[in-house]
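Fold and geometry: a report
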Amino acid sequence: MAETQTNGLEVLETREWLDSLDYVLSKGGPERAGRLLQQLSLHAKRAAGVNLPFTATTPYQNTIASEQQAPFPGSQEMERRIKSLVRWNALAMVVRANKIQEGIGGHISTFASAATLYEVAFNHFLQAQTETGDRDLIYFQGHAAPGIYARAYLEGRIPRQKLEHFRRELKPGGGLSSYPHPWLMPDFWEFPTVSMGLGPIQAIYQARFIRYLENRGLKLSTGGKVWAFLGDGEMDEPESLGSITLASRERLDNLIFVVNCNLQRLDGPVRGNGKIIQELEAIFRGAGWNVIKVIWGGDWDTLIGNDRDGLLVKRMGEISDGQYQKYFVESGAYFRHSFFGTDPRLLKMVEHFSDEQLARMRLGGHDPIKVHAAFKAATEHQGAPTIILAKTIKGYGLGEAGEGKNITHQQKKLNDDELQMFRSRFGIPIPDAELHDAPFYRPADDSPEITYMKERRKQLGGYFPERKVRAKPIQPISESHFEEFYKGTDGREVATTMVFVRMLAKLLRDPEVGKLIVPIIPDEARTFGMEALFRQVGIYSSVGQLYEPVDMDTLLYYKEAKDGQILEEGITEAGSMCSFIAAGTAYANHGINTIPFFIYYSMFGFQRIGDLIWAAADMRTRGFLIGGTAGRTTLAGEGLQHQDGHSHVLALPVPNLLTYDPAFAYEIAVIIQDGIKRMYVDQESIFYYLTVTNEPLPMPEMPHGPEIHDGILKGLYRFKASEKKGTKLHAQLFGSGTIMFEVLKAQEILEQRYGVAADVWSVTSYKRLYVDGNDCERWNMLHPGDTPRAPYVSRCLKDAPGVFVAASDYMKVLPESIAKWVPRTLVALGTDGFGRSENRASLRDFFEVDAKHIVLATLSALARDKQISIEILQKAIKDLGINQEKLNPATS
């Protein structure tokens, strides 16, 4: 009895407090109510030590109440019809492709769940040109590509033939790529996103780069937004969440994430035993984002409005995502019993609903009014980025063919009955007799649907997606910036890293090009000797410098500025690479020829962020990747995790990446000058990778002759011919990077102690030679009746006498990649294996790439060719102090 009275008093007391709060809301508004609640919380804590339980989430309901929704500005019926046409053509594209070619693939269910999100965005928000002349940038969810193609078809931008050739790009007339790929469709797609997780992190850094351009005066401050359409399963990728605090820290209110929370990934639920929307809300609210949840459609408004005691919202929050998924595929009766049947009061709330009505109650992500309200709030929000969490059903509209089922991600085909059901559900005017072939359907150009969708896009400035090169070519850069590097250092020792930094500083002072250069550093500027640039051009900060740095009294203090030029990214190669991509694609996205130089520990490039580098290639990014502290034996002391002996091998697969391992200052000068010309004057869709080192060495003067300049760029030239005459013993030695200096020592030993005349060749790029050799072989295979083409390396070496030995600070497979085009057997020395913490001399001895091992390899090759005796070789091993029984560095 006493317990009943207590419960009754609590209910009455709670009602009085709620009524009081309602009064404050009605008289003072939400802000006053919020202040009051905050004061109550503080009072309870101070007066009685009451600690409210921590929660990073809000109740499992829409963030925007129905009475706060902005009016829907368009025709709901017309937009529903357009959306149905897009749905049908997206489905038909995938179904037809798989009827014609079994197993060609494609995805129906992702776009089926996200169609409303996209259509509301296309009709009302995505601005191809704002009033100030700017535009939005859109990262489309990769698996939704069929829906984007289908809309472009209805707009008249993609012909039917292209749709027929979905995933058949090599068909006559071309086809459509599986996912967004700017390399394959350079006039359509802007951002490759289907390597999941890369879209979110790129969008963050793109939004920040826009602010960088604005604060530096390179771009007017405008209203353009960066939109990223994402999947809930995709948010498990580390890249999806790893940089979200940057967005809030930088107050990027030009950034909007739209997460399609259909609760499913490929194999099953994203969070079967949890709630992905609540989890993401907690993460993003904690990171300082504005979070908008769109969970329930308008069908739920009355029920939620009548839920005075919070029973319904409480029940909504109790159900796991796995169970919600079960509701999607079950009947209305099951839903009534399982969801509402736990409390008679809940059953009472829906007693006037039929089972069929309950089964049809829409989720928020399928309700255009709810979606529009969320998008409008997001675009108007200031001071923080926004994430919209929209609940949908994967495979929405597929019915028994896969709606809400675990198999829906893999659904590629529908039988005739399933096609008929889909056709009828969305009102597509295709007769039964034609359904089997899943024909495309497009109304006439003057139909209400086509007229409406074109008019909406006209109002928003044009079409999406559409890629254009907006920047004009720059003028050729003055050679005066590079002339000092042609002269050498006259015996003074300098590391190639410092050569690069000196060159960069000169370029930054250029009145035309200087402002376009974007130095990007992941917290290693002092390692690379770049601190002088802090004072010269400043470190970018969106708020300037709000503190007095500890080194303020020094010449090279840490200077942050709102118009700073250096992007000092902190310890994140992934984030730095995204800035590189944003800067390297600004020529297309913003019409600005920014020239990024991203310098980093070479070990932490391709090995760590190879996926982003591949995306950069797909995106036609331009710029220079600079692998600093490069070389397995050149970075002394750091050991296994830091010493890079394979980045040039990992760079081989990237088709439009030109790679160089320069030994000398003048080589770097020639390469960078040519790179700027090719990328920004000639506008080639290429980018560069150069390795530079921290070992001080004397830089020689550039040899004379046009073949030197051409050879540097093509990958090979003779640097130093032998001065030894009258000998029958000859060798050709290849050197790269700092190992070039070991090769030069070996040349001297061979000539003075063993009577071998050795020429030294500088191999600046094995990849350039490899690509050229394969290109010639392919041409010769396809043109058997024509004069064969000879690879550049073969032409250079055709008259070179003796044996061939190559040594580099990278794996042996690198020089071995060109061995077939060398006139005779090529002996390769390299740094296969794990690095060690040691000094350079010990490391080069361990990996067998020092001068004595180069001499041994040369003598061994001569002995193999019967040009010297085995006895001479054995004596040389002893004289050179080589341990014949040492462990194999490749496996030890």
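This one's a predicted model, so the numbers in the text were calculated from it and none came from an experiment.

Bringing the pairing of strand β4 (residues 290-294) into the picture now. With respect to burial, β4 is a largely interior element, 5 of its 5 residues being buried. Here β4 shows a buried face lined by N290, I292 and V294 and a second buried face lined by V291 and K293. Pairing analysis gives 5 bridges linking β4 to strand β5 (residues 386-391), with the strands arranged parallel. From the neighbouring strand, V294 faces β5, where its bridge partner is A390.

On to the packing of aromatic side chains. What describes a pair of aromatic rings is the distance from one ring centre to the other and the angle between the planes of the rings. For the structure shown, the criterion picks out 53 aromatic pairs. Here W300 and F340 contribute two aromatic rings whose centre-to-centre distance is 6.4 Å and whose plane-to-plane angle is 20°, an arrangement assigned as stacked. Residue W300 is found in the loop between β4 and α10 (301-305), and its partner F340 is found in helix α13 (residues 332-340); the two are separated by 40 residues along the sequence. We note that W300, like F340, is buried. One aromatic cluster is present, built from ring pairs that chain together F111, Y118, F122, F125, F140, Y149, F166, F188, W189, W227, F229 and F375. Positioned above the aromatic ring of Y334, the side-chain terminus of K326 is 5.8 Å from the ring centre. Across from the ring centre of F604, 4.9 Å away, lies the NZ or CZ of R608, which sits over that ring.

Running from N to C, helix α29 (residues 739-754) and helix α34 (residues 851-864) cross one another at 55°; their axes reach a closest spacing of 8 Å. It follows from the interaxial angle that α29 and α34 lie oblique. Remark: the crossing between α29 and α34 carries right-handed chirality. Across from E742, V743, K745, A746, I749, L750 and Y754 in α29, the residues of α34 making contact are A851, I854, V855, T858 and L859. Here the contact of α29 with α34 is composed, by residue class, of 9 nonpolar, 1 polar and 2 charged.

Here we come to the sheet that holds β4. Remark on secondary structure: sheet strands pair via backbone hydrogen bonds, oriented parallel or antiparallel. Ordered by their spatial adjacency, 5 strands build an open sheet running β1-β2-β3-β5-β4, and the pairing between neighbours is parallel. On the outer flanks of this sheet lie β1 (137-139) and β4, each paired with one strand and no other. If you compare each strand with its neighbour and ignore which way they point, the axes differ by 15° on average. As judged from the 6 bridges shared by strand β2 (residues 226-231) and strand β3 (residues 255-261), these two strands associate in the parallel manner. Bridged to G231 within β3 is N260. Relative to β3, helix α3 (residues 109-124) is tilted by about 145°, and along the sheet it contacts β2, β3 and β5. Against the sheet, helix α9 (residues 276-286) contacts β3, β4 and β5, and its axis sits at roughly 165° relative to β4.

Looking now at the environment of I388. Summarising the element assignment, I388 is placed in strand β5. With a relative accessible area of 1%, I388 lands in the buried category. In this structure the C-alpha to C-alpha distance between I388 and V294, which are 94 residues apart in sequence, comes to 7.1 Å. Residue contacts for I388: discarding those within four places in its chain leaves I256, F257, V258, V259, I292, V294, A374, F375 and A378.

Note that the residue after F464, namely P465, is joined by a cis bond; omega there is -15°. Positioned with a positive phi, L263 is a non-glycine residue whose angle comes to about 70°. Residue classification places L263 among the buried positions, given a relative accessible area of 1%. Within the chain, K866 stands out as a residue other than glycine whose phi angle is a positive 65°. Here K866 lies in the loop between α34 and α35 (870-879). Residue class for K866 comes out exposed when judged on its relative accessible area of 72%.

A surface patch of like charges, here negative, comprises D416, D417, E434 and D437. Position of D437 relative to the elements: it lies in the loop between α18 (432-435) and α19 (448-459). Exposure remark for D437: the relative accessible area of 47% places this residue in the partly exposed category.

Here we come to a nonpolar patch on the surface. A cluster of nonpolar side chains, contributed by W17, L37 and L40, occupies part of the molecular surface with about 310 Å² of accessible area. Along the polypeptide, L37 turns up in helix α1 (residues 2-48). Residue classification places L37 among the partly exposed residues on the basis of a relative accessible area of 45%.

The next thing to look at is the pattern of salt bridges. Working definition: two side chains of opposite charge can pair if their charged atoms are close together. By the definition in use, this model includes 49 salt bridges. One salt bridge connects E318 with K314, and the closest N-O pair in it is separated by 2.6 Å. On the criterion of helical spacing, the pair formed by E318 and K314 is a turn pair, its members being 4 residues apart in helix α11 (residues 311-318). On the accessibility criterion, E318 (43% relative accessible area) is partly exposed. The closest approach of N and O atoms between K506 and E484, which form a salt bridge, is 3.1 Å. Of this pair, K506 sits in helix α21 (residues 496-508) while E484 sits in helix α20 (residues 483-486), and the two are 22 residues apart along the sequence. For K506, a relative accessible area of 16% puts it in the buried group. One network of salt bridges, in which partners are shared, links E695, E742, K745, R840 and R844.

Rules used in this analysis
- Residues numbered from 1 in each chain as written.
- Predicted model: local features only at pLDDT ≥ 70, side-chain atom pairs only at ≥ 80, totals over all residues.
- Heavy atoms only, no water.
- Buried < 20%, exposed > 50% of the residue type's maximum accessible area, 1.4 Å probe, protein only.
- Helix = DSSP H or I, 4+ residues; strand = E, 2+ residues; numbered from the N terminus.
- Pairing = 2+ DSSP bridges.
- Phe/Tyr/Trp six-rings, centres within 6.5 Å; stacked < 30°, edge-to-face > 60°.
- Lys NZ or Arg CZ within 6 Å of the ring centre and 35° of its normal.
- Axes fitted to C-alpha atoms, helices over the stretch in contact; angles between N-to-C directions.
- Parallel < 35°, antiparallel > 145°, perpendicular 65-115°, else oblique.
- Left-handed = near helix turned anticlockwise from the far one by under 90°.
- Contact = heavy atoms within 4.5 Å.
- Nonpolar A, V, L, I, M, F, W, Y, C, P; charged D, E, K, R; others polar.
- Patch = residues over 30% accessible without salt bridge, like charges linked within 9 Å, V, L, I, M, F, W, Y side chains within 5 Å.
- Areas by Shrake-Rupley, 256 points an atom, 1.4 Å probe, with all protein chains shown as cover.
- Salt bridge = Lys/Arg side-chain N within 4 Å of Asp/Glu carboxyl O.
- Lys, Arg positive; Asp, Glu negative; His and termini not counted.
- Charge placed at Lys NZ, Arg CZ, Asp CG, Glu CD.

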